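Residue strings, one per chain:
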Amino acid sequence: MKTKEEIRHYLDARFSPSEDDMVQIVRNDFDRILNSAASCALITVEGAMPVLAEQLRTELEALHIEADLDVVVKISYHPTSEISFDDLCSLLTVIHEFAPQVNIVWGCGTDAKLVETDYSILLLIGTSAE
């Protein structure tokens, strides 16, 4: 598990000031969790559907989540591709399975570094107690 400072550094490398407002708001949500949580876990997965949902499930199972703060999720796809509503719902449902008591704050946008058939997920989970 990374420390909050390591997570901040990672997020600084992933978000640039030139990104559009929607993505910038998502970064602010990540900062809100980092600033208010006693501890955090960062999950990053990348791949094609439906393998991506299973990778996310595996990562979440390993954490044994006891989160009681918001979960923040950034889902990205290649600019020439798109993501279906069903795929988004599948990913959010996987998260909800492991953290049903929290609000999920999420945003979706493009990432030119991705392969056209792949998606990426950046997920931050915070807890109020160690």
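Just so it is clear, the model here is predicted, and its values are computed rather than measured.

Procedures and definitions
- Residues numbered from 1 in each chain as written.
- Predicted model: local features only at pLDDT ≥ 70, side-chain atom pairs only at ≥ 80, totals over all residues.
- Heavy atoms only, no water.
- Helix = DSSP H or I, 4+ residues; strand = E, 2+ residues; numbered from the N terminus.
- Contact = heavy atoms within 4.5 Å.
- Areas by Shrake-Rupley, 256 points an atom, 1.4 Å probe, with all protein chains shown as cover.
- Buried < 20%, exposed > 50% of the residue type's maximum accessible area, 1.4 Å probe, protein only.
- Arc of directions from axis to C-beta.
- Pairing = 2+ DSSP bridges.
- Right-handed = clockwise from strand over helix to strand, strands pointing away.

Draft legend 1. How the structure looks around the overall build of the chain. The helix and strand inventory of the chain stands at four helices and four strands. In the chain, the succession of α and β elements from N to C terminus is α-α-β-α-β-α-β-β. In the chain, the share of contacts with a sequence separation of at least 24, taken over all contacts with a separation of at least 6, comes to 84%. About 7100 Å² of surface is accessible on the chain, with carbon and sulfur atoms providing 52% of the total.

Draft legend 2. Representation of helix 1 (residues 4-14) in the model. Residues Ile7, Arg8 and Leu11 constitute the buried set of helix 1. Down the axis of helix 1, the sector holding all buried residues measures 100°, keeping them to one side. With respect to the buried face of helix 1, the exposed residues turned more than 90 degrees away are Glu5, His9 and Ala13.

Draft legend 3. Fine view of the pairing of strand 3 (residues 104-110). Two elements, strand 2 (residues 71-77) and strand 3, share seven bridges in a ladder whose sense is parallel. Looking across to strand 3, one finds that Ser76 is bridged to Gly109. Of the crossover connections in this fold, the one passing from strand 2 over helix 4 (residues 85-98) to the parallel strand 3 is right-handed.

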